[in-house]
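One-letter residues, chain by chain:
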Amino acid sequence: MNALLIYPESPQTFWSLTHAMRLISRKAASPPLGLLTVAAMLPSDWNLRLLDLNVTDLTHTDLEWADCALVSAMIVQRESSHKVIARCKQAGLTVIAGGPLFSTEHEGFEGVDHFVLGEAEVTLQPFLTDFEQGRARHVYSSDEYADMSTSPVPRWDLVDPRQYASRGVQFSRGCPQNCDFCDVTQLFGHRWRTKSSSQIVAELEALYQFGWRGVVPFVDDNLIGNRRLLKTDLLPALIEWAKDRRGMSFSAQVTINVADDEELMRLMVEAGFDTVFIGIETLDDAGLAECNKGQNRDRDILADVKRIQRAGLQVQGGFIVGFDCDTPQVFERMRRFIQKSGIATAMVGLLQAPAGTALYKRLAKEGRIRVRVTGDNSDGTTNVVPRMGLEALQEGYRQLLWDIYSPANYYKRVKTFLREYRPPRTGPRLTGWHVLAVTRSLYSLGVTGREHWRYPGLLLWTLFTKPRALPVAVTLAIYGYHYRKHYEPLMGMLSGSAHQPQ
Ligand code: B12
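Now for a look at the structure at hand. (Residues numbered from 1 in each chain as written. Predicted model: local features only at pLDDT ≥ 70, side-chain atom pairs only at ≥ 80, totals over all residues. Heavy atoms only, no water.)

## Things to note about unusual backbone geometry
We note that L17 has phi near 55°; this positive angle belongs to a residue other than glycine. Of note, L17 is situated in the loop between strand 1 (2–7) and helix 1 (18–23). Residue classification places L17 among the buried residues on the basis of a relative accessible area of 7%. Of note in this structure, E281 is not a glycine but carries a positive phi near 65°. Here E281 shows up in strand 11 (residues 273–281). Residue classification places E281 among the buried residues on the basis of a relative accessible area of 7%. (Helix = DSSP H or I, 4+ residues; strand = E, 2+ residues; numbered from the N terminus. Buried < 20%, exposed > 50% of the residue type's maximum accessible area, 1.4 Å probe, protein only.)

Now the structure itself:
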C-alpha cells in the first residue's frame, strides 16, 4: 500500500510565525505531530510519504504513486482540506481522515471514504483490520480515551529536516479544567493521561539521533497537570538525559499555579525549559467566573508572571476580549497589564465559541451564535453576538492590538521582561541559527521595517546589560516582527485614527 500523509495548508495565524520563518529560512513552525504518530501505527509494509502542504506541494506524481491518502487537520484548515480531499478523490485514492477538524465536525466533508476519529491509538487498529478485509465502515469513533503507554515514537524519519523551526513531543493528554470556550476536553477528555518518562526520553533520543538541536515544545495542554509526577519522575529523567546531550530547549503550556512552586520551576529550568505559555484570558474576576476559569481567580497574576520570569522562564500569554461582562474599560486594563507584565508574546483574541463547547451550548440557547468559527482565534472574527456590540468590540480590539504591537511598546515590553528575567546558566546559547537570523533580520527589521533603530538598539542594550539573554532578545525581536505583521491587517482598519503606532 502506498500512502500519502497529507497536512493541508494553514492560513497565516498568530502561531504560524510565517513572517519569522522567512527570516530564519524555514517554512513552518513545526511538523504535524499527529500524522507522524499515526504513521508509526500503520503496518510496516506500507510505503509512506509525508506531504505537509505548508512546506511542499501535492504533485501529480504523488497522486499517481499513491493508493490512499490519510488527511489530518485543524478547523483552521477546513477550506484547504476540502480542496485536498477533492483532488485525492478525483485521482481515485481512498481518502481516510482524522484529527481535530474531523473529530469535531466530520459531517459535510464529501469525498472522505473513512473517518477515523478521536485518538488513533484507539480507533486506527479496528479500522485497519476491517480495511485489510475489504469491509471498512464510513466512521470509526470511540468514547474511550487512549492509554498513552501505547503511543509510539513518531516517525521523524519522514520529516524533511530543513523545513521546520521546531519538533514537538507530547507527554500528556486531557485536561481536568472546564474553561467553557475550549474544545480540548471535547477532543481528549478531562482525565489527565500520560506517557511514561522513558517513552519521552526515547522520543527525545530519536530526535537527537536524527540530528535535531533546537526548540522542542511539549505540546501538552497543561504539562503540570500532576506536579508531583513532574518533580519526581519526568523532570529528573529529562535532567539525567540532557547531561551529555546539549542543544535542546523546551517550552510548555502550563497553568498559572506554576508560580506557586519554586522547586517545580527550578527543576523545569534545570531540565532545559525556557518558555511557558499561560492562558491568562482576562484580568477581570467576573470574566474568569463567567468562563469557569477558577484556577486564575483570587491571584495576583502580575506578581505570578514576574516570579516565573525571575525563575528563568519566559512567559507567553493568551488573552480574550468579548466576555459578556466586558465593558469598554477592558481594553485599557488589558493594555496596561500586558505592558507591565513584560509578556512580549501576547496572543489576544476575540471570544469564539467552537461547536460542542459549553460556551457554544449556552450561546446557542440564547440565540447568540451567528456563524461557524473560523478556527483561528486571533483573526479578528467571532461567531458570537457579543453583549458589548460587535462594532464596539472590534474597535476596542483593534485599538488594543495597535497599542501593544506598535514597535515602541513591543520593544519596551521586551526590555521589561529582560530586566526581570534571570537567564539560566544552561540556557540557550548563541548559535548559527541566531547569527543567520540576525544577519537576515537586520535588513527586514532594522532598515525596511517599522522597528528601525529599536532592533539594533535592543541587541546592543542586551549585550551590555544581560549578555546571556542575547539569544532570547534576538528571538523575541524576530517573533515580534511576525506578530505585528500578522495583526497589521486588523490594525490597518484603524487607519485614519489619531492613534498612529511609533
Ligand atoms: C502543537 C499545536 C500547535 C502547533 C503545531 C501544529 C502542527 N503543525 O502540528 C502550532 C503552535 C503551530 C499550532 C498552531 C495553531 N493551533 Co494548535 N495545537 C497544538 C496542540 C497544543 C497539540 C497538537 C499536537 O501536536 N498534538 C499531539 C498529536 C499526537 O495529537 P493530535 O494531533 O491530536 O493527533 C492525534 C489524534 O488527533 C489523531 N489524528 C490526528 N491526525 C490524524 C489523521 C488520521 C488519518 C487519523 C486516523 C488520526 C489522526 O491521532 C493522533 C494520535 O492520537 C493542540 C492541542 C491538543 N491538545 O491537541 C492545539 C490545537 C490543535 N490547535 C488549535 C488551534 C486553534 C491552533 C491555531 C489556529 C492557533 C492560532 N490562533 O494561531 C494555529 C493554527 C495552525 C497554524 N499553523 O497556524 C486547536 C484546534 C481546534 C480544532 N478543533 O481544530 C487545538 C485543538 C487547541 C485548542 N483547543 O484550541 N498548534
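Alright, that's what it looks like, and here's the rest.
## What about the nonpolar core?
By size, the foremost hydrophobic cluster in this structure holds 126 residues, and its most contacted members are F218, F273 and V348. Looking at which element gives the most residues to this core, the answer is helix 19 (residues 470–492), with 13 residues. Aside from chain neighbours lying at most four places away, what touches F218 is V169, F171, I200, L223, L234, L238, F250, S251, A252, Q253 and F273. The next biggest cluster of nonpolar side chains, apart from the first, holds 24 residues, and it includes L4, L53, A69 and L117. (Core = buried A, V, L, I, M, F, W, Y, C linked by side-chain atoms within 4.5 Å. Contact = heavy atoms within 4.5 Å.)

## Considering the sheet that holds strand 10 (residues 248–254)
A sheet is described by the order of its strands in space; here 5 strands give the open sequence 9-10-11-12-13, paired in parallel fashion. Each of the sheet's edge strands pairs with one partner strand only, and the pair in question is strand 9 (214–218) and strand 13 (346–350). Across the sheet, the axes of successive neighbouring strands diverge by a mean angle of 20°, strand direction being ignored. Judged from the 5 bridges that link them, strand 10 and strand 11 form a sheet pairing that is parallel. Bridged to F250 within strand 11 is F273. (Pairing = 2+ DSSP bridges. Axes fitted to C-alpha atoms, helices over the stretch in contact; angles between N-to-C directions.)

## With respect to the side chain of E203
Structurally, the position occupied by E203 is in helix 8 (residues 197–209). Residue contacts for E203: discarding those within four places in its chain leaves P152, V153, P154, W156, V169, Q170 and K195.

## A closer look at the environment of I239
Relative to the helices and strands, I239 resides in helix 9 (residues 227–242). In the structure, I239 is positioned 33 residues away from G272 in sequence and 7.8 Å away in space, judged by C-alpha atoms. Ignoring sequence-local partners within four residues, the contact set of I239 consists of L267, E270 and A271.

## Concerning the packing of helix 13 (residues 329–341) against helix 15 (residues 390–404)
The geometry of helix 13 relative to helix 15 is characterised by a closest axis approach of 10 Å and an angle of 20° between their N-to-C directions. With respect to helix 15, the element helix 13 is oriented roughly parallel. As helix 13 packs across helix 15, the resulting crossing turns out to be right-handed. Counted together, F331, M334, R335, I338 and Q339 of helix 13 and A392, L393, G396, Y397, L400, D403 and I404 of helix 15 form the full contact between these two elements. (Parallel < 35°, antiparallel > 145°, perpendicular 65-115°, else oblique. Left-handed = near helix turned anticlockwise from the far one by under 90°.)

## Looking at the packing of aromatic side chains
Applying the stated criterion across every chain yields a total of 20 aromatic pairs. Taken together, a centroid distance of 5.9 Å and an interplanar angle of 85° make the contact between Y208 and W241 edge-to-face. Taken together, the residues Y208 in helix 8 and W241 in helix 9 connect sequence positions 33 residues apart. Y208 gets classed as buried once you look at its relative accessible area, which sits at 17%. Among the residues examined, W241 registers a relative accessible area of 6% and is labelled buried. Each residue in the set F14, W15, F277, Y405, Y410, Y411, Y483 and Y487 is aromatic and connected to the rest through ring pairs, giving one cluster. (Phe/Tyr/Trp six-rings, centres within 6.5 Å; stacked < 30°, edge-to-face > 60°.)

## Points about the sheet that holds strand 6 (residues 139–140)
Pairing in this open sheet of 6 strands is parallel, and the strands run 2-1-3-4-5-6 from one edge to the other. Edge positions in the open sheet fall to strand 2 (47–52) and strand 6, since each of these has one partner strand only. Examined bridge by bridge, strand 1 and strand 2 share 6 bridges and lie parallel to one another. Pairing of L5 across the sheet is with L50, part of strand 2. Docked against the sheet, helix 4 (residues 78–90) engages strand 1, strand 3 (68–72) and strand 4 (94–98), running at close to 155° with respect to strand 4. In the packing of helix 6 (residues 120–132) onto the sheet, the strands contacted are strand 4, strand 5 (114–116) and strand 6, and the crossing angle to strand 5 comes to about 150°.

## Points about the pattern of salt bridges
With the rule as written, the count across this model stands at 37 salt bridges. E105 is the salt-bridge partner of R372, the closest N and O atoms lying 3.9 Å from each other. In this pair, R372 is assigned in the loop between helix 14 (358–365) and helix 15 and E105 in helix 5 (residues 100–105), connecting sequence segments 267 residues apart. Relative accessible area serves as the criterion here: at 12%, E105 is assigned to the buried category. R387 is the salt-bridge partner of D324, the closest N and O atoms lying 3.5 Å from each other. In this pair, D324 is assigned in the loop between strand 12 (314–321) and helix 13 and R387 in the loop between helix 14 and helix 15, connecting sequence segments 63 residues apart. Under the relative-accessibility criterion, R387 is labelled exposed at 55%. A network of salt bridges, in which partner residues are shared, links E290, D324, R362, E366, R368 and R387. (Salt bridge = Lys/Arg side-chain N within 4 Å of Asp/Glu carboxyl O.)

## Regarding the site of the ligand
Every one of the 40 residues lining the ligand counts as a neighbour, but T13, I75, E121, D183 and D221 are closest to it. S30 has a polar backbone atom sitting 3.1 Å from a nitrogen atom of the ligand. The separation between an oxygen atom of the ligand and a polar main-chain atom of A120 is 3.2 Å. Residue assignment for the shell around the ligand shows that the elements contributing at least two residues are helix 2 (33–39), strand 3, helix 5, helix 6 and helix 7 (184–188). Residues that form the shell around the ligand fall into these classes: 19 nonpolar, 15 polar and 6 charged. (Near = heavy atom within 4 Å. Polar contact = N/O pair within 3.5 Å; in protein donor to acceptor, adjacent residues only side chain to side chain. Nonpolar A, V, L, I, M, F, W, Y, C, P; charged D, E, K, R; others polar.)

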